[in-house]
Amino acid sequence: MNIKIFLIFISAFLLGCNRESSTVTPSQDSSHFEFILYDGLSDTIIPPIKEKLEGNYSRILNDLQVNSLPVVKVKIWNNESRYLSEYSRLISMD
């Protein structure tokens, strides 16, 4: 699996409850994924990511050995330090 897609997918699970600075219009969402963009990213980046995730959805379910998942939030940052800061804040919560 492409490492970027894997990291985005894992981040979606790990960062399920955080502040959302900007969201994408519902038309960009799919039945399996909700896309949330940070740092002023344009929603034009979503279609190729959505296509890749949707194309691998059955394999993802198989790899996780589950029949279904709730809608997965895919959160994408344009600034690595802000992403790492938010990630650190969330994993240090009790």
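These notes cover the structure that comes with them.

Focus: the packing of aromatic side chains
Following the criterion strictly, the structure yields 5 aromatic pairs and no others. Between F33 and F35 the ring centres are 6.5 Å apart and the planes differ by 40°, which places this aromatic pair in the tilted class. Across the pair, F35 and F33 agree in class, each one buried.

Considering the pattern of salt bridges
Going through the model one piece at a time under the given rule, you end up with 3 salt bridges. One salt bridge connects E86 with R89, and the closest N-O pair in it is separated by 2.7 Å. On the criterion of helical spacing, the pair formed by E86 and R89 is a turn pair, its members being 3 residues apart in helix α4 (residues 80–91). We classify R89 as partly exposed; its relative accessible area is 28%.

Focus on the nonpolar core
One finds F33, F35, L37, L41, I46, I49, L53, Y57, L61, V72, V74 and I76 forming the largest nonpolar core, which totals 12 residues. Looking at this core, the elements with two or more residues in it are β2 (33–37), α2 (46–55), α3 (57–64) and β3 (72–76).

Details of unusual backbone geometry
Even without being glycine, D39 reaches a positive phi, approximately 60°. Within the element layout of this structure, D39 appears in the loop between β2 and α2. Look at D39 and you get partly exposed, because its relative accessible area is 24%. With a phi close to 55°, Q65 is a non-glycine residue in the positive phi region. Summarising the element assignment, Q65 is placed in the loop between α3 and β3.

Quick notes on the pairing of β2
Of all 5 residues making up β2, 4 are buried, and the element is well covered by its neighbours. Strand direction decides the pairing type here: β2 and β3, joined by 5 bridges, are parallel. By the bridge assignment for β3, I36 is matched with K75.

Comments concerning α2
Among all positions in α2, only I46, I49 and L53 are buried. Buried residues in α2, looked at end-on, bunch into an arc of 70°, giving them a common side. Structural note: α2 exposes P48, E51 and G55 on the side pointing more than 90 degrees away from its buried face.

Quick notes on the rules
- Residues numbered from 1 in each chain as written.
- Predicted model: local features only at pLDDT ≥ 70, side-chain atom pairs only at ≥ 80, totals over all residues.
- Heavy atoms only, no water.
- Phe/Tyr/Trp six-rings, centres within 6.5 Å; stacked < 30°, edge-to-face > 60°.
- Buried < 20%, exposed > 50% of the residue type's maximum accessible area, 1.4 Å probe, protein only.
- Salt bridge = Lys/Arg side-chain N within 4 Å of Asp/Glu carboxyl O.
- Helix = DSSP H or I, 4+ residues; strand = E, 2+ residues; numbered from the N terminus.
- Core = buried A, V, L, I, M, F, W, Y, C linked by side-chain atoms within 4.5 Å.
- Pairing = 2+ DSSP bridges.
- Arc of directions from axis to C-beta.

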